[in-house]
Every structure is written in structure tokens, then in C-alpha cells.
Amino acid sequence: MTFSLPTSKFWNPRVLIVIFVLNAFIYTILLFHSRTFDFVGKWAFNSTRDSKNFGLSEEQCTTAFRGLFTEIERAVRYRKTIGQVRVEEIDISSEKDVATGGMLYIIEAHISLGDHPRMRALATLNAIHRALLTSPVPIPNSEFSFSVNDILAPSPRPIWALTRLATEPEKWVMSDFGYWAWSRALMGGYEEMRAQIAELEKPFEEKIPKVVWRGDRKNNVNRVKLIAEAEGKEWADVRDIQWRDARHVTGYDADSTITVPEHCLYQFVIQTEGWSYSGRGKYLQNCNSVVIIPKRIWIEPQHALIVSSGPLQNFVEIEEDYSDLETVMEELLANPEKAKMIAQNGVDAFRDRALTPAAQACYWRKMLVAWAEVSPKAERWEHVEGGRIGKRRGVDFETYIVEDHDGLFYNLPIRHEAMQKLQSR
Ligand SMILES: *[C@@H]1O[C@H](CO)[C@@H](O)[C@H](O)[C@H]1NC(C)=O
């Protein structure tokens, strides 16, 4: 890392001392936070060493994960054209299934009954909290609202979402909850899954030379086309799976379920959109396999980094209706060297870079910093009418996370009011 000296108008001895003290201070923090800090050479991201390094500096994040923050930069640009975010755009009191937090004080939450929304919300909060805790420098205060739904009702709200359509420029696409964990039967902890993949991985040539897919055909009409296209083909291992609930599969093909690490035993994997974006895509991109992706309509952060041709090609693009799957598979099987190169490029770009836990912590921090730039400062206190002493807003993350969420997620606003009464006595 290099420290650029201040420009000439600051060449004033008193200020210089301050700057050096400040730099020395930042230096010390970096030393404690990052084993990767290199005094001699120029720092470069090394996934073996850094993939779980949550404390990368902003400069390291920017250098290591070029292109990953495209969605955030776009959201900021869009916001700057329409003006600063207003407080009422963050207020969720009239919404369902959203949570809002300010420096991880949970101000208000509306979460439907059932495991899915609750798990997604908690995973998201934990990931944000981790990115805050491991930040080498303080993150500016801000207040935002996020939703963990696959699809959001149309709204001009600048909400933080898991995905967006091209026609929804107001949405800010956040890091997926799956980078923390997803319910065990579905996926499990992200880092645990990466560890399992690492144990099972084989050299590309030794993998099964077929394309693998498991999924529920009900979720998307194109999935039916995929199943039809692959039916009886020797290059395909494609099966329909039906979920009885979040933990159990059912249907005639229930025995053919395979885990994500087992998908990596095939040379080719397919990412399909479901109700909306493909939560599975980021897992499959952790395999040293060729990822085949039909043309997409749902945008995810890492989409900015996918390359469909040339020497850096890191996935294979096919038609939305899978009509060219057979041609594409025949071509890939006839060119094993090319297939191997695409798989390796995918590993370099995603498994060992943009989709590392370290990169996702960077993503959260970039998002928090970018958001703070275009939105109002978080108010820590609420003003009490007629009084000079304010009430504290929200429940701290630490308390929130240990509560009985089945009951309290619902009651949070009520409980919050009760707490405010106590505090304002
Ligand atoms: C990356 O880090 C590992 C573990 O510290 C080390 O063995 C390896 O040599 C490093 N690779 C490069 C290219 O620096």
C-alpha cells in the first residue's frame, strides 16, 4: 500500500504532523486486522490466504474485486440524478416483509410467519454485522431498509433487494443472504459448502462429462423446456425434483437429489432462474465446472463479471428457452480444452475472487458507504414532544438476534413502543 502525500496547499508543518499521525494510526489498525498487509511488495489478493479475510481495507477491496461493485456504483449514479434519498423513502411502516436497520439497530421489522423469511433476514443481518465488525475503518452512519423477498411489489422506493429487473433502477442490489447461510436441507453455511466443494473437487478431465441439473419444474416455464431438451440425452443428467417443504423433497425423482458439492463432480452445470433470480447460481460458480446460464432478466451483483466469449470467457450463454442447449453441449464436448479453460476462468473470477467471503464483506461495506453518501444521516434518538430528552430508536442487533423471533419479529414494533415508554420515564 502506498500513502499519497497531500497536495501542495496542505504543505503546512502542523497539518503534516496530523496527517502522519493519522496515517500511522490507520497503518496500525491494518496491521492488526489484516495478516495480508505487505510492507515490501505491492499487495495482491491471494485466495488461499485471503478468501476469509473479512478485514480488507477499502483500497484492497477495490483492487481485488474490480467490477464487483458495478451495481452499487450504478445505484449511486441513478440516485444522484434524482436527488438525495428522503427519510420517508426508508420508512417501512406501511409495508410488509421488510426490515430496516441503522448501524445495526433494528428499527422496525415486518416478517411473515414461516422459516424462510426469518432465516433470510437473520442471515442478512449477520452478514452486515460481520462486515461492520471487521471494517478496518468506521463506516458512516446511515439508515436503510431491505427486503429478502425474491420479488418485490413495484415501488419507487430505493429499497435494498436481492435482485432487480432492468426496469427497476431505484433498487439497490445487496449481497445475498446465502453468503452467510441458507437452511441446511437447501444449502447450509456458505463457507462450509465451499469447504465441502474443496474436498470433493476433481481435476476437470476426471469429472462426469455431462450437464447436471436438479430442480422443481413448477417454478419457471423454461425449466420445463430444459427438462424436455435434455430428456434421454447421453450428455445430460437432468431431473425434476419437487420440494414438499423447505427440508424435504418429494415426487418420483426424490432419490436423485444431489448436494451442491456433488454438482461440482460434473463438467457442466446449469443455472436456471426460478420465481426470480437464481439463488443457486453463486453456489454453482464455486465449482471448477463450466457454468451454463440462459439469458437472464434478474440482475445479481456478480453478473457484471460474467464474460461470454474470448480468452476470459467464464460461462456459456444459451437461449432463455434452452433451444440451443444440445448444439452448445456437443460443441463443448468436442472441445474439452476450451471447456476446461472456461471452467478455470470461472474459478479465477468467482470461486477464488468475487464470491469469496472476503469479497462479500467488501461488498457490504461498499454498499453502506455508498448509501451513506446519498441518504440522510441515521437518527439515533427520537425527539419527545415537549421534552428535551430523546428516546433511543430501535433494538440493537445483539439483542435482536437472541430473541425468539417467531413471536418477537411480529411484536417488535409493539415491544419497541413499550421500551420507549420505559426509557422516557
Ligand atoms: C498465496 O498464499 C499461500 C498461503 O499463504 C502461499 O502458499 C502462496 O504462495 C501464495 N501465492 C502467491 C501467488 O503469492
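Residues numbered from 1 in each chain as written. Predicted model: local features only at pLDDT ≥ 70, side-chain atom pairs only at ≥ 80, totals over all residues.

Looking at an unreviewed UniProt entry, the chain carries the name Glycosyl transferase CAP10 domain-containing protein, with the source organism given as Glarea lozoyensis.

1. Quick look at the overall build of the chain
To be explicit about the condition: Under the DSSP-based scheme used, a helix requires at least four consecutive residues in state H or I and a strand at least two consecutive residues in state E, with every element numbered from the N terminus. Exposure is read from a count of other C-beta atoms within 10 Å of each residue's own; the residue is exposed at 12 or fewer, buried at 20 or more and partly exposed in between. C-beta atoms are placed from the backbone. Here, residues touch in the contact sense if the C-beta positions derived from the backbone fall within 7 Å of one another.
Looking only at helices and strands, one finds 15 helices and 17 strands in the chain. Residues counted as buried form 38% of the 425 residues belonging to the chain. The long-range fraction of contacts in the chain, counting pairs at least 24 apart against all pairs at least 6 apart in sequence, stands at 67%.

2. What to know about the sheet that holds strand β12 (residues 266-270)
Formally: In this description, strands pair whenever DSSP reports at least two bridges between them. Throughout, an axis means a line fitted to C-alpha atoms (over the contacting stretch in the case of helices), and angles, computed between N-to-C directions, take values from 0 to 180 degrees.
On the basis of which strands lie adjacent, the open sheet formed by 5 strands has the order β9-β8-β12-β13-β14 and parallel pairing. This sheet does not close on itself; its edge strands, each paired only once, are β9 (236-240) and β14 (316-318). Here the average twist between neighbouring strands, direction ignored, is 25 degrees. Bridge count between β12 and strand β13 (residues 290-294): 3 bridges; the pairing is parallel. Directly across from phenylalanine 268, in β13, lies its bridge partner valine 290. The strands that helix α11 (residues 325-334) touches are β8 (208-215), β12, β13 and β14; relative to β14, the one it contacts most, it runs at about 155 degrees.

3. Comments concerning the nonpolar core
Rules: Joining buried Ala, Val, Leu, Ile, Met, Phe, Trp, Tyr and Cys residues through C-beta atoms within 7 Å gives a set, and that set is a nonpolar core.
With 87 residues, the main nonpolar core has Val211, Val269, Val290 and Ile292 as its most contacted residues. The biggest single contributor to this core is helix α13 (residues 357-374), with 9 residues. One finds Ile106, Ile107, Val395 and Tyr400 within the second-largest nonpolar core, a separate group that totals 5 residues.

4. Overview of unusual backbone geometry
Backbone geometry places tyrosine 322, a non-glycine residue, at a positive phi of 65 degrees. By the element assignment, tyrosine 322 lies in the loop between β14 and α11. A tally of 23 C-beta atoms within 10 Å means that tyrosine 322 is categorised as buried.

5. Brief notes about the pairing of β9
So the rule is basically this: Classification remark: right-handed applies to a crossover when, strands pointing away from the viewer, the course from the first strand over the helix to the second runs clockwise.
Sheet topology places β8 next to β9; 5 bridges connect them, and they run parallel. Within the sheet, the bridge partner assigned to glycine 215 lies in β9 and is aspartate 240. Note on the crossover from β8 through helix α8 (residues 221-230) to β9: the handedness is right-handed.

6. Some remarks on the confidence of the model for the chain
Condition: The predictor rates its confidence in each residue with pLDDT, a number between 0 and 100.
Summing up the model confidence of the chain, the mean pLDDT is 80 and the portion of residues at 70 or higher is 76%. Helix α12 (residues 336-354) holds the highest mean pLDDT among the elements of the chain, 98, whereas helix α1 (residues 13-33) holds the lowest, 28. In the model, residues 1-39 has pLDDT below 50 throughout and makes 22 contacts with residues more than four positions away in sequence or in other chains. Confidence drops under a pLDDT of 50 for residues 96-103, and excluding neighbours within four residues, the segment shows 36 contacts in the predicted structure.

7. Things to note about helix α7 (residues 190-200)
This is how it is decided: In this description, the arc belongs to the directions extending from the helix axis to the C-beta atoms.
Here α7 has its buried residues at Tyr190, Arg194 and Ile197. Considered in projection along α7, the buried side chains sweep an arc of 60 degrees and stay on one side of the axis. Opposite its buried face, α7 presents the exposed residues Ala195 and Glu199, each directed more than 90 degrees away. Where α7 is buried, its residues contact β6 (181-182), β7 (188-189), α9 (260-263) and α13.

8. As for the environment of arginine 351
Inspection of the secondary structure assignment puts arginine 351 in helix α12. In sequence terms arginine 351 and glutamine 285 are 66 residues apart; their C-alpha atoms lie 6.3 Å from each other. Discounting residues that sit within four places of it in the chain, arginine 351 has contacts with Gln285 and Asn286.

9. Looking at the packing of helix α4 (residues 70-82) against α13
Let me state the cut-off plainly: We call two directions roughly parallel when the angle between them is under 35 degrees, roughly antiparallel when it is over 145, roughly perpendicular when it lies between 65 and 115, and oblique otherwise.
Taken N-terminus to C-terminus, the directions of α4 and α13 make an angle of 5 degrees; their axes are 10 Å apart at the nearest point. With respect to α13, the element α4 is oriented roughly parallel. Residues Ile72, Val76, Arg79 and Lys80 of α4 lie in contact with α13, whose contacting residues are Lys366, Met367, Ala370, Glu373 and Val374.

10. Examining the environment of proline 294
Structurally, proline 294 can be placed in strand β13. Here proline 294 falls in the buried class, since 24 other C-beta atoms lie within 10 Å of it. On a C-alpha basis, the gap between proline 294 and tyrosine 322 in space is 7.0 Å, while along the polypeptide they are 28 residues apart. For proline 294, the residues in contact, after removing those within four places along its chain, are Asn222, Thr272, Ile318, Glu319, Glu320 and Tyr322.

11. Observations concerning α4
Selection rule: A helix's residues, less one, multiplied by 1.5 Å, set its expected span.
The terminal C-alpha atoms of α4 lie 19 Å apart, and with 13 residues this matches the ideal 18 Å at 1.5 Å per residue to within 8%. Within α4 the residues assigned to the buried category are Glu71, Ile72, Ala75 and Arg79. Projected down its long axis, α4 carries its buried residues within an arc of 100 degrees, all on one side. Those residues of α4 that are exposed and angled more than 90 degrees off the buried face are Arg77, Lys80 and Thr81. Where α4 is buried, its residues touch β5 (172-173) and α13. Taken from the residues just after α4, glycine 83 is the one with a positive phi, measuring 105 degrees.

12. What about the environment of asparagine 53?
Looking at the element boundaries, asparagine 53 is found in the loop between α2 (47-50) and α3 (58-64). Classification of asparagine 53 as buried rests on a count of 23 C-beta atoms within 10 Å. When the C-alpha atoms of asparagine 53 and threonine 356 are compared, they prove to be 9.1 Å apart, with 303 residues separating the residues in sequence.

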